[in-house]
Every structure is written in structure tokens, then in C-alpha cells.
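# Residue-level structural notes
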Amino acid sequence: MSTADWNIIMDEIAIRRALTRITHEILERNKGIDNCVLVGIRTRGIYLAHRIAERIRQIENMDIPVGELDITRYRDDAKREPEQNGELSASFPIHDKKIILCDDVLYTGRTIRAAMDALMDQGRPQMIQLAVLADRGHRELPIRPDYVGKNVPTSRTEEIVVALKEVDGSDEVKIIHHRG
């Protein structure tokens, strides 16, 4: 029988601070938001993208476009139904834009690879940057985030779970330790 225990590694305040820091780093690196768009990977990435957009609005008094990316048909680790598609739900073109791709947890890099494939099928961005709330390591592909809320070294028997108010009713990041 398998058992698990867990620890909260980021509470609501830590998540808010991390997203504020990521927002400032995005603004600094891109010298503002000209030609930038935020794209959140469904499910929790889209909520993180909207939170970053709100912080940009507060800091710069400007709106940044936000899109939602469904990568279902691009995943290499799940069975696909023919009617499932991966597409960008956005009211803007991505051709020649600086895309800041947002996700909750970076692990092997396979989700991000699928997201990049999906984006490239929508157009040719000028560049793609990656913002993640938690980076747990264990990459299987050469993918590195540009903006990280928290680096969380983990073992393969551990799991990072992100809860966001919009989906889960509360904000927290937990590390779950699975045992035997």
C-alpha cells in the first residue's frame, strides 16, 4: 500500500509575490510590452497568464493580449481522439510576436514542447519565452524557463501540485512525497 505526505511550499502570499516578480522580470527583459502577448497553457497556465496581465495593467497602465492554448493533440504521452484538437484561443495573430508562454509546473519539458509545436502551427512568433510558477527539474528535453516563481528540486517519487482559486478554490503549491 502506498502512502503520501505533503508540505505547502508556496501559500497565497508567496504565489502573489512570485507572479509580481515574474511580471517585473518580463517588463524589464522586454523593455515594456510592445509586441508581446501572453499565452497560458490550459488549464492553470491560462489563469497565471491572466494574473500576470493584471499586474502589467497595474504597473504599466497598459493591456497585454492574453490567449489560451490547448495542447491536447500535440501531447506525446496521451491517447488522442481524432476530434481533439490543439489550438490557440486568442483574438490576435501570433506571427512576429514575442510570446510569453505561461504554465504552472515545469517538469520533463514535454508539455512545453507540445505547446511550442501548437504555437508554430498557428504562425511564426518572433520569439517564445517561458514563465512557470514552479520548476521541479528532471528535464527530458532541452527546455529552460526564462521566468521562474520557485525552483523546487524534487525526486521522481515526489509530485508538485498547484492549486489556484479560479479552479481549486485556494492558492497554494504543495509538494507531495509518495512512499512505497
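Higher on the page you've got the structure.
Now for a look at the structure at hand. (Residues numbered from 1 in each chain as written. Predicted model: local features only at pLDDT ≥ 70, side-chain atom pairs only at ≥ 80, totals over all residues. Heavy atoms only, no water.)

## Details of the pattern of salt bridges
- A complete count under the given rule lists 15 salt bridges for this structure.
- The closest approach of N and O atoms between R113 and D117, which form a salt bridge, is 2.4 Å. Taken together, the residues R113 and D117, both in helix α3 (residues 110-122) and four residues apart, mark about one turn of the helix.
- With a relative accessible area of 21%, R113 lands in the partly exposed category.
- Connected through shared salt-bridge partners, R42, E68 and D70 make up one network. (Salt bridge = Lys/Arg side-chain N within 4 Å of Asp/Glu carboxyl O. Helix = DSSP H or I, 4+ residues; strand = E, 2+ residues; numbered from the N terminus. Buried < 20%, exposed > 50% of the residue type's maximum accessible area, 1.4 Å probe, protein only.)

## Structural notes on empty space enclosed by the protein
- All chains considered together, the criterion is met by one cavity of 30 Å³ or more.
- There is about 30 Å³ of room inside the largest cavity.
- Along the walls of the largest cavity sit L19, I22, L48, I52, C102, D103, A131, V132 and L133, which together make up its complete lining.
- When contributions to the lining of the largest cavity are tallied by element, the ones reaching two or more residues are α1 (12-29), α2 (44-60), β5 (98-106) and β6 (127-135).
- Per-element accounting of the lining of the largest cavity gives the leading share, three residues, to β6. (1 Å grid on protein atoms, 1.4 Å probe; cavity = no way out; pocket = protein on both sides within 12 Å on 5 of 7 lines; lining within 4 Å. Points joined across faces, edges and corners; volume = space filled by probe spheres on them.)

## Considerations on the sheet that holds strand β1 (residues 3-10)
- The three strands are arranged β1-β9-β8 in an open sheet whose pairing can be described as antiparallel. Single-partner strands in this sheet number two, and they are β1 and β8 (158-163). The sheet shows a mean angle of 25° between the axes of neighbouring strands, direction not considered.
- Here α1 sits on the sheet in contact with β1, β8 and β9 (172-179), set at roughly 55° to β1. (Pairing = 2+ DSSP bridges. Axes fitted to C-alpha atoms, helices over the stretch in contact; angles between N-to-C directions. Contact = heavy atoms within 4.5 Å.)

## Notes on the packing of α1 against α2
- The geometry of α1 relative to α2 is characterised by a closest axis approach of 9 Å and an angle of 65° between their N-to-C directions. In this structure, α1 crosses over α2, and the sense of that crossing is right-handed. Here I15, R16, L19, T20, I22, T23, H24, I26 and L27 of α1 come into contact with α2, specifically with L48, R51, I52, R55, I56, I59 and E60.
- Its residues placed into classes, the contact of α1 with α2 shows nine nonpolar, three polar and four charged. (Left-handed = near helix turned anticlockwise from the far one by under 90°. Nonpolar A, V, L, I, M, F, W, Y, C, P; charged D, E, K, R; others polar.)

## Quick word on the pairing of strand β3 (residues 66-69)
- Burial along β3 is one-sided: G67 and L69 are buried, while V66 and E68, pointing the other way, are not.
- For strand β2 (residues 36-41) and β3, the ladder comprises four bridges, and the chain directions are parallel. By the bridge assignment for β3, L38 is matched with V66.
- Crossover connection from β2 via α2 to parallel β3: handedness right-handed. (Right-handed = clockwise from strand over helix to strand, strands pointing away.)

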